[in-house]
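Spelled out from the first residue to the last, the chains are:
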Amino acid sequence: MYRYEDIREVHLEVTTRCNAACPQCPRNLSGGAVNPGLPVAELGLDDVRRIFPSELVKRLRKLYACGNYGDPMVAKDTLAIFEHLRGENGVMELGMFTNGSGRTATFWQGLAKVTSYVRFSIDGLEDTNHLYRRGTQWDRIMESVEAFIGAGGRAEWDFIVFKHNEHQLDAARALAEKLGFKRFFLKKTSRFFSAGGVSGRQVLERDGGPSYMIEEPQNPLFRNAAVVRLAQVGQGGGFGDYQAETEISCKAAQHSRLYVSAEGLVFPCCWTGALYPPGKPVGKAQMWDLVRRLPDGKDSLDARRSSIREIVEGPFFQELVPGGWPKRSVKDGRLEPCVRACGGHDTHAAQYGASLL
Ligand code: SF4
Ligand code: SF4
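This one's a predicted model, so the numbers in the text were calculated from it and none came from an experiment. (Residues numbered from 1 in each chain as written. Chains lettered and ligands numbered in written order. Predicted model: local features only at pLDDT ≥ 70, side-chain atom pairs only at ≥ 80, totals over all residues. Heavy atoms only, no water.)

With respect to burial, strand β4 (residues 117-121) is a largely interior element, five of its five residues being buried. Looking at chain direction, strand β3 (residues 93-98) and β4 are connected through four bridges and run parallel. Note on β4: the bridge partner recorded for Thr98 is Phe120. The pairing of β4 with strand β5 (residues 155-160) spans four bridges and is parallel. Residue Arg119 lies in a different strand from β5, and its bridge partner there is Glu156. (Buried < 20%, exposed > 50% of the residue type's maximum accessible area, 1.4 Å probe, protein only. Helix = DSSP H or I, 4+ residues; strand = E, 2+ residues; numbered from the N terminus. Pairing = 2+ DSSP bridges.)

This part takes up the site of ligand 2. In the vicinity of ligand 2, 13 residues are found, and the nearest of them are Cys250, Ala252, Cys269, Cys338 and Cys342. Using a 2 Å cut-off from the grid points, one finds that ligand 2 occupies the largest cavity. Secondary-structure elements contributing two or more residues to the shell around ligand 2 are α10 (251-254) and α14 (336-342). With three residues, α14 is the single largest residue contributor to the shell around ligand 2. Partitioning the shell around ligand 2 into residue classes produces 11 nonpolar, one polar and one charged. (Near = heavy atom within 4 Å. 1 Å grid on protein atoms, 1.4 Å probe; cavity = no way out; pocket = protein on both sides within 12 Å on 5 of 7 lines; lining within 4 Å. Sits in = over half its atoms within 2 Å of the grid points. Nonpolar A, V, L, I, M, F, W, Y, C, P; charged D, E, K, R; others polar.)

Phe107, Trp108, Gly110, Leu111, Ala112 and Val114 are the residues of helix α4 (residues 105-114) that are buried. Tucked into the core, α4 has its buried residues touching α3 (78-88), β3, β4 and α6 (138-150). (Contact = heavy atoms within 4.5 Å.)

Next up on the list: the nonpolar core. Soluble globular proteins tend to bury their nonpolar side chains together. Phe52, Trp108, Trp157, Phe181, Ile308 and Phe316 are the most contacted members of the largest nonpolar core, which has 94 residues in total. Looking at this core, the element that brings in the most residues is α6, giving seven residues. With residues up to four places along the chain from it excluded, the contact list for Phe316 reads Phe267, Pro268, Met287, Leu290, Val291, Leu294, Leu301, Val321 and Pro322. Ala20, Cys22, Tyr132 and Phe162 belong to the second largest nonpolar core, which has nine residues in total. (Core = buried A, V, L, I, M, F, W, Y, C linked by side-chain atoms within 4.5 Å.)

For side chains of opposite charge, pairing can occur when their charged atoms come near one another. Within this structure, the stated rule accounts for 25 salt bridges. Taking the shortest distance from any N to any O, the salt bridge between Asp302 and Arg304 comes out at 3.5 Å. For Arg304, a relative accessible area of 29% corresponds to the partly exposed category. Where Arg309 meets Glu313, a salt bridge forms, and the shortest distance between an N and an O atom there is 3.1 Å. Residue Arg309 is classed as partly exposed on the basis of its relative accessible area, which comes to 34%. When its relative accessible area of 45% is taken as the criterion, Glu313 is described as partly exposed. Put simply, Asp47, Asp299, Asp302, Arg304 and Arg305 are held in one network by salt bridges that share partners. (Salt bridge = Lys/Arg side-chain N within 4 Å of Asp/Glu carboxyl O.)

As a packed pair, α4 and α6 sit with axes 8 Å apart at the nearest point and diverge in direction by 40 degrees. When the interaxial angle is binned, α4 and α6 end up oblique. In the crossing of α4 with α6, the sense of the turn from one axis to the other is right-handed. When α4 is examined against α6, the residues Ala105, Trp108, Gln109, Leu111 and Ala112 are found in contact with a partner set consisting of Ser144, Ala147 and Phe148. Of the residues contributing to the contact of α4 with α6, the split by class is six nonpolar, two polar and no charged. (Axes fitted to C-alpha atoms, helices over the stretch in contact; angles between N-to-C directions. Parallel < 35°, antiparallel > 145°, perpendicular 65-115°, else oblique. Left-handed = near helix turned anticlockwise from the far one by under 90°.)

This brings us to the site of ligand 1. Lining the immediate environment of ligand 1, one finds Cys18, Ala20, Ala21, Cys22, Cys25, Arg27, Tyr69, Gly70, Asp71, Asn99 and Arg133. The residue makeup of the shell around ligand 1, split by class, is six nonpolar, two polar and three charged.

In this section: empty space enclosed by the protein. Taken as a whole and assessed by the stated rule, the structure comprises four cavities of 30 Å³ or more. In this structure, the largest cavity encloses a volume near 90 Å³. Cys250, Cys269, Thr272, Cys338 and Cys342 are, among the 15 residues lining the largest cavity, the residues nearest its centre. Here the residues of the lining of the largest cavity are counted per class, giving 13 nonpolar, one polar and one charged. (Points joined across faces, edges and corners; volume = space filled by probe spheres on them.)

This part covers helix α8 (residues 225-235). Along an α-helix, a turn takes 3.6 residues, which lines up residues three or four apart on a common side. What α8 keeps buried is the set Ala226, Val227, Leu230, Ala231 and Gly234. Buried residues along α8 cover an arc of 140 degrees about the axis, so they all sit on one side. Away from its buried face by more than 90 degrees, α8 exposes Gln232 and Gln235. Against the buried residues of α8 lie α9 (239-245). Where α8 starts, the residue carrying a side-chain oxygen 3.1 Å from the main-chain nitrogen of Ala226 turns out to be Asn224. In the segment just after α8, Gly237 is the residue with positive phi, at about 80 degrees. (Arc of directions from axis to C-beta. Polar contact = N/O pair within 3.5 Å; in protein donor to acceptor, adjacent residues only side chain to side chain.)

Written as structure tokens, this is what we have:
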């Protein structure tokens, strides 16, 4: 698939913990209770030192902290990890994605000194952001932003467009400019897709009871074009054919990138690393079929037990994942994450356009 020597980019999940409960995030059940299958896991500075050898960090062009299940802001050692990485490599792009609702001014000022950018996920204004970023507080976010920008940090704004905030895009962009953000991205989420068509999402309370709905934006320009096309394929009954036939073009290999989860597990990408989809018992997601074929199961991918080189040169990267691509149906082992993330209808790439700032 690709060679250890080629690795130039890393996507790092520092923690599976988060202060928020976004309804389309797999760490929780539609904005309610925490996903019961999700392990509480977090990487400390010592883990990062052990997982990423100096010779690897020194040749990276990019590392960003984001993840499938947690917000790096809440992890105990995040600032120390960034300081360590910057000390090892003074020129690589170092980024972090966060909801921004927490930590102290000192934390944000420290991050400003060592990161290349922090991308704040703020989906609306004071009266709407919390409808998706459930559990966040506007005042805390603004304090973080001001501390970070005030200390010279490069701040970027991601605005996921929904029906409930699409009227606020211009005002949010103006606020971003006033606060000193350098980039403002309108994000067209891919998470309204389902094989049966595009739909809204029922938000749940922690006890599982229904709360409000979140819905796609009404303006078609704010919808994810690849999701719209895929929904049309699904409605025409051709979704199975699409899954079987679409050409898979591996983004991880193209970008010489790998993903390290908060459990220290190494995957080509966050899509293959999503072992704990909400609503499925642990072990039922398709990737587990591959993981179970490894000599020590999940432990075989743990970079605290084996080196990243050993894992990348091992059967998961070299045989099992690429071996799924030529299969002719998901039932027969065609990897569903690979079809979804790297098939012909690229719902991931369709999320972003150019910065509006
Ligand atoms: S802020 Fe990020 S990690 Fe936290 S619930 Fe929302 S999407 Fe998930
Ligand atoms: S989803 Fe599959 S094809 Fe896409 S980057 Fe990951 S491993 Fe490669």
